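Chain by chain, the residues run as shown.
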Amino acid sequence: MDAATGHLEEAKSGFEKLVKQWPDFVEAHLQLAMVYARLHQTRDSERERRIVVELNDKARSKGPQPEVIP
């Protein structure tokens, strides 16, 4: 996405679309939290960070998962 190049609004829009389409996509929530933080949208950033923690806790509670073979 465009977060690394300073195009934060475009990155925000892209990550928002990703998390809407794939709500369990941890990395997208993490990146969105960072973009929100850089845009000084603290509440949104904290919400996304909580989602990351919840998703990680949920994954840990399931135990080790088998590797997916392409």
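As a reminder, the structure under discussion sits directly above these lines.
> I'd like a rundown of the nonpolar core, residues and numbers included.
Counting 9 residues, the largest nonpolar core is built from Leu8, Ala11, Phe15, Leu18, Val19, Ala28, Leu32, Val35 and Tyr36. Counting residues per element, the ones that place at least two in this core are α1 (8-21) and α2 (26-38). In terms of residues, this core owes the most to one element, α1, which gives 5 residues.

> Mind laying out the side chain of His29, listing which residues take part and the relevant values?
Inspection of the secondary structure assignment puts His29 in helix α2. Of the residues examined, His29 reaches a relative accessible area of 4% and is grouped as buried. Only 2.5 Å separates the side chain of His29 from the side chain of Glu48, close enough to count as a polar contact. Every residue in contact with His29, bar those within four places of it in the chain, is listed here: Val19, Pro23, Glu48, Ile51, Val52 and Leu55.

> Before we move on, can you summarise the environment of Val19 with the specific residues and values?
By the secondary structure assignment, Val19 is in helix α1. Judged by relative accessible area, which is 12%, Val19 ranks as buried. Expressed as a C-alpha distance, the spacing of Val19 and Glu48, which sit 29 residues apart in the sequence, is 9.9 Å. Beyond its immediate sequence surroundings of up to four residues, Val19 is in contact with Ala28, His29 and Leu32.

Quick notes on the rules
- Per-chain numbering applies: the sequence of each chain, read as written, is numbered from 1 onward.
- For a predicted model such as this one, the threshold for reporting local features is a pLDDT of at least 70, and the threshold for listing and counting side-chain atom pairs is 80 or more; totals across whole chains, interfaces and linings nevertheless cover every residue.
- Excluded from the side-chain calculations are hydrogens and water; all other atoms, namely the structure's heavy atoms, are used.
- Think of a nonpolar core as a cluster: buried Ala, Val, Leu, Ile, Met, Phe, Trp, Tyr and Cys residues, connected wherever their side-chain atoms sit within 4.5 Å.
- Burial classes: relative accessible area under 20% of the type maximum marks a residue as buried, over 50% as exposed, and values in between as partly exposed (1.4 Å probe, protein chains only).
- Under the DSSP-based scheme used, a helix requires at least four consecutive residues in state H or I and a strand at least two consecutive residues in state E, with every element numbered from the N terminus.
- Any N or O atom pair separated by 3.5 Å or less is treated as a polar contact, with the protein-specific requirement of one donor-capable and one acceptor-capable atom, and with residues adjacent in sequence counted only for side-chain atom pairs.
- Contacts: residue pairs with any heavy atoms within 4.5 Å of one another.

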